[in-house]
Amino acid sequence: MPDEKNTPEESKPSYTPASPEKRALAWMGIVYMVILVLLFTYNLAHGEPLHGGPGIMLAPACGGLSAVAFLRYKAKGGWFHLVLGILAAALCLVTAVAGIITVGIALGLLGG
């Protein structure tokens, strides 16, 4: 009976961590899940949906696009990725502020 400790190990695939782009998109997914849970919880608690959510729902997508564009600019260079990242970051900021204001008005926290 051969000694099991001396047998060559099977070639196991080595661990490869996720790329920074995949991590940025995973964080975007986490933000979406938190937003969806909060919106559904509000809907269940009050019996009607919260109005003014499109700005809040669009902001994480713009943020994810901005992160991926900046990461690709860092890796490959090129003006297209830089311009796309800047535009997506600006759109993320605008949609987030607009979404927070409209949800604040809908909740009665802000005068409007």
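Basis of the calculations
- Sequence order as written defines residue numbering, which begins from 1 separately in each chain.
- With the structure being a predicted model, the display of local features is reserved for residues of pLDDT at least 70 and the display and counting of side-chain atom pairs for 80 or more, all residues being used for whole-chain, interface and lining totals.
- The basis for every side-chain value is the complete set of heavy atoms in the structure, and neither hydrogens nor water enter the calculation.
- Starting at the N terminus, helices and strands are each numbered in turn, a helix being any DSSP run of H or I of at least four residues and a strand any DSSP run of E of at least two.
- Throughout, the radius of gyration refers to the C-alpha atoms, and the reference size of a globule is 2.2 Å times the residue count to the power 0.38.
- For this analysis, residues touch if any pair of their heavy atoms sits within 4.5 Å.
- Axis definition: a line fit to C-alpha positions, over the contact stretch in the case of helices; interaxial angles, taken between N-to-C directions, run 0 to 180 degrees.
- Every angle not falling under 35 degrees, over 145, or within 65 to 115 is termed oblique; those three ranges are roughly parallel, roughly antiparallel and roughly perpendicular.
- Residues are grouped as follows: Ala, Val, Leu, Ile, Met, Phe, Trp, Tyr, Cys and Pro are nonpolar; Asp, Glu, Lys and Arg are charged; every other residue, Gly included, is polar.
- Crossing chirality is assigned from the near helix's rotation relative to the far helix, an anticlockwise turn below a right angle marking it left-handed and a clockwise turn marking it right-handed.
- UniProt positions are given in the numbering used here, feature names are shortened, and annotations may be inferred rather than shown by experiment.
- Between the first and last residue of a helix there are one fewer steps than residues, each counted as 1.5 Å, and that sum is the expected span.
- The cut-offs for exposure are 20% and 50% of the maximum accessible area for each residue type, with area from a 1.4 Å probe on protein chains only; residues under the lower value are buried, those over the upper are exposed, and the others partly exposed.

(A) Summary view of the overall build of the protein. If you tally the helices and strands in the protein, you get 3 helices and 0 strands. Each helix and strand of the protein, placed in order from N terminus to C terminus, yields the pattern α-α-α. Whereas a compact globule of 112 residues would reach a radius of gyration of roughly 13 Å, the protein reaches 22 Å, over 25% beyond that. In terms of its C-alpha atoms, the protein occupies a principal-axis envelope of roughly 80 × 45 × 15 Å. Contacts in the protein between residues far apart in sequence, at least 24 positions, make up 58% of those at least 6 positions apart.

(B) Quick peek at the packing of helix α1 (residues 20–46) against helix α2 (residues 54–76). The interhelical angle for the contact between α1 and α2, taken along N-to-C directions, is 175 degrees, at an axis separation of 9 Å. Here α1 is positioned roughly antiparallel relative to α2, judged by the angle of their axes. Mapping the contact onto sequence places Pro 20, Glu 21, Ala 24, Leu 25, Met 28, Val 31, Tyr 32, Ile 35, Leu 36 and Leu 39 in α1 and Ile 56, Met 57, Leu 58, Pro 60, Ala 61, Gly 64, Ala 67, Val 68, Leu 71 and Arg 72 in α2. Its residues assigned to classes, the contact of α1 with α2 comprises 17 nonpolar, 1 polar and 2 charged.

(C) Broad picture of the packing of α2 against helix α3 (residues 79–107). Viewed as axis vectors pointing N to C, α2 and α3 meet at an angle of 160 degrees, and their least axial separation amounts to 7 Å. Our classification of the angle between α2 and α3 gives roughly antiparallel. For the element pair α2 and α3, the recorded crossing hand is left-handed. Along the lines of polarity and charge, the residues of the contact of α2 with α3 split into 18 nonpolar, 7 polar and 1 charged.

(D) Molecular detail of the UniProt feature "transmembrane region" (unreviewed entry) in the protein. As annotated in UniProt, the feature "transmembrane region" (unreviewed entry) corresponds to residues 24–44, 56–73 and 79–110 in the numbering used here. As annotated, residues 24–44 comprises 100% helix and 0% strand, and the C-alpha atoms at either end are separated by 30 Å.

(E) Here's a closer look at α1. The end-to-end C-alpha distance of α1, which contains 27 residues, comes to 39 Å, matching closely the 39 Å that a straight helix rising 1.5 Å per residue would cover. Taken together, the buried positions of α1 are occupied by Ala 24, Tyr 32 and Ile 35. Along its buried surface, α1 packs onto α2. After α1 finishes, the residue Gly 47 shows a positive phi value of roughly 80 degrees.

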